[in-house]
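# Structure at a glance
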Amino acid sequence: MSAVSRRAWLLAALGGAVLATRAARAETLPAPDTDTLLLNRSSFGIRQADMDRIRQIGRSAYLEEQLNPETLDNSAVDSFISQNFNTLNLSADALLVLDQNADPANMQRVELVRELRLATLYRAWFSSRQLYEVMVDFWSNHFNIHQLNGALRALKTVDDRDVIRPHALGNFRDLLHASAKSPAMLYYLDNYVSTAAAPNENYARELLELHTLGVDGGYTQTDVQEVARILTGWTIYLGRRYSGTPQHGTFQFNLTQHDTGAKTFLGTDFPAGAGLEEGERLLDMLAVHPATAQFIATKLVRRFISDTPPAAAVSAVSAAFSQSNGDIRSTLRVLFNTPEFLAGADQKFKRPWEFALGALRHTEASLTNATGLNSLLRSLDALGQAPFDWEPPNGYPDSAGYWATTNGLLNRWNQTLQLTESSVPSIRVDITALLAGANTPASIVDQLANRVLHRTLSSADRDSFIAYFGASTPTTLLSASTLATRTPGLLALLLSSAYFQNR
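Because the structure is predicted, anything quoted here is derived from the model rather than measured.

What counts and how
Residues numbered from 1 in each chain as written. Predicted model: local features only at pLDDT ≥ 70, side-chain atom pairs only at ≥ 80, totals over all residues. Heavy atoms only, no water. Helix = DSSP H or I, 4+ residues; strand = E, 2+ residues; numbered from the N terminus. Rg over C-alpha atoms; globule rule 2.2 N^0.38 Å. Buried < 20%, exposed > 50% of the residue type's maximum accessible area, 1.4 Å probe, protein only. Areas by Shrake-Rupley, 256 points an atom, 1.4 Å probe, with all protein chains shown as cover. Lys, Arg positive; Asp, Glu negative; His and termini not counted. Charge placed at Lys NZ, Arg CZ, Asp CG, Glu CD. Phe/Tyr/Trp six-rings, centres within 6.5 Å; stacked < 30°, edge-to-face > 60°. Lys NZ or Arg CZ within 6 Å of the ring centre and 35° of its normal. Core = buried A, V, L, I, M, F, W, Y, C linked by side-chain atoms within 4.5 Å. Contact = heavy atoms within 4.5 Å. Salt bridge = Lys/Arg side-chain N within 4 Å of Asp/Glu carboxyl O. Expected span 1.5 Å × (residues − 1). Bend = angle between axes of the 7 residues up to and from the residue. Axes fitted to C-alpha atoms, helices over the stretch in contact; angles between N-to-C directions. Parallel < 35°, antiparallel > 145°, perpendicular 65-115°, else oblique. Left-handed = near helix turned anticlockwise from the far one by under 90°. Nonpolar A, V, L, I, M, F, W, Y, C, P; charged D, E, K, R; others polar.

### Some remarks on the overall build of the chain
- Per the secondary structure count, the chain includes 27 helices and six strands.
- Its C-alpha radius of gyration of 25 Å places the chain within 12% of the 23 Å reference for a compact globule of 503 residues.
- When its C-alpha atoms are laid out on the principal axes, the chain stretches across 85 × 55 × 40 Å.
- When the 503 residues of the chain are sorted by exposure, 56% land in the buried category.
- Carbon and sulfur atoms provide 52% of the accessible area of the chain, an area that totals close to 19,100 Å².
- The averaged location of the 49 negative side-chain charges in the chain is 5 Å from the averaged location of its 43 positive side-chain charges.

This is the structure we're talking about:
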């Protein structure tokens with residue numbers, strides 16, 4: 001059977017069996033156990049080693065390991081990153097000079113952007129610190145910065161390294177302060193040009209609406225204007241553009257650009273004559289405000305439990321956030337033990353990041369050459385969720401309605417089949433190893449459901465997958481040629497089903 005006709009046959013099978021389109025619908029499937037649920041929600045996909053570890057030490061101990069990533073050996077990943085991505089540890093000044101002086105013909109600017117994206121993908125794929133990487137992604141979206149705008153090609157690398165990653169499982173107050181002084185954020189939302197004579201409200205508005213209080217946080221347009229005044233003079237040292245001095249691209253408070261007049265925010269007075277400290281006082285206020293706790297809790301519950309955040313879970317997580325003064329580890333510990341989380345299987349539809357990386361991790365796919373990361377990046381670009389490529393400040397959507405489109409599902413199917421057929425450059429799936437000797441329709445389906453999906457199929461779905469082989473009985477011994485030609489398609493069907501696309 002030719003590749004084209006086989007694809008057509010498989011698409012027909014997909015239309016008549018356990019469909020990718022079914023993944024977006026709220027159908028009841030046999031629920032995974034709570035170990036599998038935790039692994040699915042706290043990682044970018046389950047590798048067999050993850051399942052073995054959680055079975056060995058138990059769910060609570062596994063969660064504690066992930067909440068304390070510094071205890072997990074990640075040296076192999078760190079070594080790969082340092083050997084393959086030279087720009088990640090450069091200073092802001094060096095990165096800006098590299099970007100400004102780049103010859104577009106030699107693609108240096110493209111590589112500057114690409115290195116951060118590829119390193120991000122590699123970490124998410126291979127890191128043993130999966131929950132940490134998930135939270136890096138969460139906060140990168142929460143404090144979203146589009147990477148491709150001017151100096152952001154360079155400054156986003158610094159923001160990822162010095163703002164998001166150090167604080168991803170730390171304290172929200174520290175993360176908020178670091179983000180507010182991030183040259184990338186100041187540039188992205190125009191605060192670096194905000195002066196007493198011409199206050200710019202862009203960052204002030206997003207600080208309140210997207211970073212802390214939320215759109216219903218109880219503030220007014222006047223409050224936005226007062227915040228903009230408080231943050232005048234929070235800028236970036238640029239001097240003569242990208243001239244190669246150590247200060248370039250760093251945060252600077254410029255008192256001569258700061259509005260030193262009296263201000264009032266949410267009924268709190270900020271006396272005249274203050275400087276940098278009044279902005280820091282503002283951030284402290286926002287970090288501990290009850291509306292911030294509610295807003296962050298709602299986003300976390302939406303990310304980890306349901307597109308429609310259950311009120312009881314939001315309340316518990318909000319309380320944990322407030323009582324711990326914004327400690328992210330404490331907040332997550334409560335979230336992962338709420339009844340709503342434990343009963344929330346299949347309530348989240350995987351976004352492209354989670355789907356593509358999950359397919360790689362669940363199938364134990366190997367990267368034979370670093371260039372294979374480019375293939376993954378192109379896949380995510382086609383699926384609509386390349387790293388740091390969402391232009392508005394609100395971050396990539398976190399709901400099924402945005403992602404579960406007909407075209408999106410078809411793209412997932414096509415890319416999954418390419419993966420299982422090992423036709424993606426430098427990325428390989430060892431199906432023989434996954435089968436572990438299974439050679440009948442029933443044993444193959446059961447083995448792959450256990451090893452790749454890590455969950456039980458319903459009887460009807462199991463029968464549909466078995467029927468895919470077209471054998472006379474479920475226990476028919478399949479020939480080597482049938483195994484070679486049909487098993488990649490079955491694996492693609494499993495990865496396109498609701499059992500995998502939901503989490």
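### A few points about the packing of aromatic side chains
- Scanning the model with the defined rule gives 20 aromatic pairs in all.
- Taken together, a centroid distance of 5.2 Å and an interplanar angle of 50° make the contact between W390 and Y396 tilted.
- Residue classification places W390 among the buried positions, given a relative accessible area of 16%.
- Put simply, the rings of F80, F85, Y122, W125 and F126 pair up and form one aromatic cluster.
- Against the face of F270 rests R281, its NZ or CZ located 4.4 Å from the ring centre.

### Here we look at the nonpolar core
- In terms of nonpolar packing, the biggest core is built from 140 residues, with M135 and W139 touching the most fellow members.
- In terms of residue count, helix α7 (residues 108-126) provides more of this core than any other element does, eight residues in total.
- Apart from residues lying up to four places away in sequence, W139 is in contact with I164, A168, F172, L175, I296 and I328.
- Membership of the second largest hydrophobic core comes to six residues, among which are F349, Y396, A400 and W403.

### A short note on the side chain of R117
- With respect to the helices and strands, R117 occurs in helix α7.
- On the accessibility criterion, R117 (8% relative accessible area) is buried.
- Ignoring any residue separated from it by four or fewer positions in sequence, one finds R117 in contact with Q147, L148, L377, A386, P387, F388 and D389.

### Things to note about the pattern of salt bridges
- For the coordinates displayed, the defined rule picks out 30 salt bridges.
- The salt bridge partner of R229 is D259, with a shortest N-O separation of 2.7 Å. You can see R229 sitting in helix α13 (residues 221-230) and its partner D259 sitting in the loop between β2 (250-253) and β3 (263-265), a full 30 residues away along the chain. An identical accessibility class is assigned to R229 and D259; each is buried.
- Note that K263 and E278 form a salt bridge whose closest N and O atoms lie 2.7 Å from each other. Taken as a pair, K263 in strand β3 and E278 in helix α14 (residues 276-288) lie far apart in primary sequence, 15 residues in all.
- Of the residues examined, E278 reaches a relative accessible area of 3% and is grouped as buried.

### A few points about the environment of G470
- Summarising the element assignment, G470 is placed in the loop between α25 (459-467) and α26 (480-496).
- The sequence separation of G470 and E115 amounts to 355 residues, and the corresponding C-alpha distance is 46 Å.

### Examining unusual backbone geometry
- For D190, which is not glycine, the phi torsion reads 70° and is therefore positive.
- Counting through the fold element by element, D190 comes out in the loop between α11 (183-188) and α12 (202-211).
- Owing to a relative accessible area of 26%, D190 belongs among the partly exposed residues under this scheme.
- Backbone geometry at E364 places phi at a positive 60°, although glycine is not the residue there.
- Following the sequence through the fold, E364 ends up in the loop between α19 (352-362) and β5 (366-367).

### Quick word on α26
- Taking 1.5 Å of rise per residue, the 17 residues of α26 would be expected to cover 24 Å, and the 24 Å separating its terminal C-alpha atoms lies within 8% of that figure.
- In the structure, α26 departs most strongly from a straight axis at R486, where the bend amounts to approximately 35° and where the proline P488 lies between one and four residues downstream.

### Regarding the packing of α19 against helix α22 (residues 406-420)
- Look at α19 against α22: their axes get within 11 Å of each other, and the N-to-C directions meet at 20°. Comparing their axes, α22 and α19 come out roughly parallel. The handedness of the crossing between α19 and α22 comes out as right-handed. Here P352, F355, A359 and L360 of α19 come into contact with α22, specifically with R412, T416 and L419.
- By residue class, the composition of the contact of α19 with α22 is five nonpolar, one polar and one charged.

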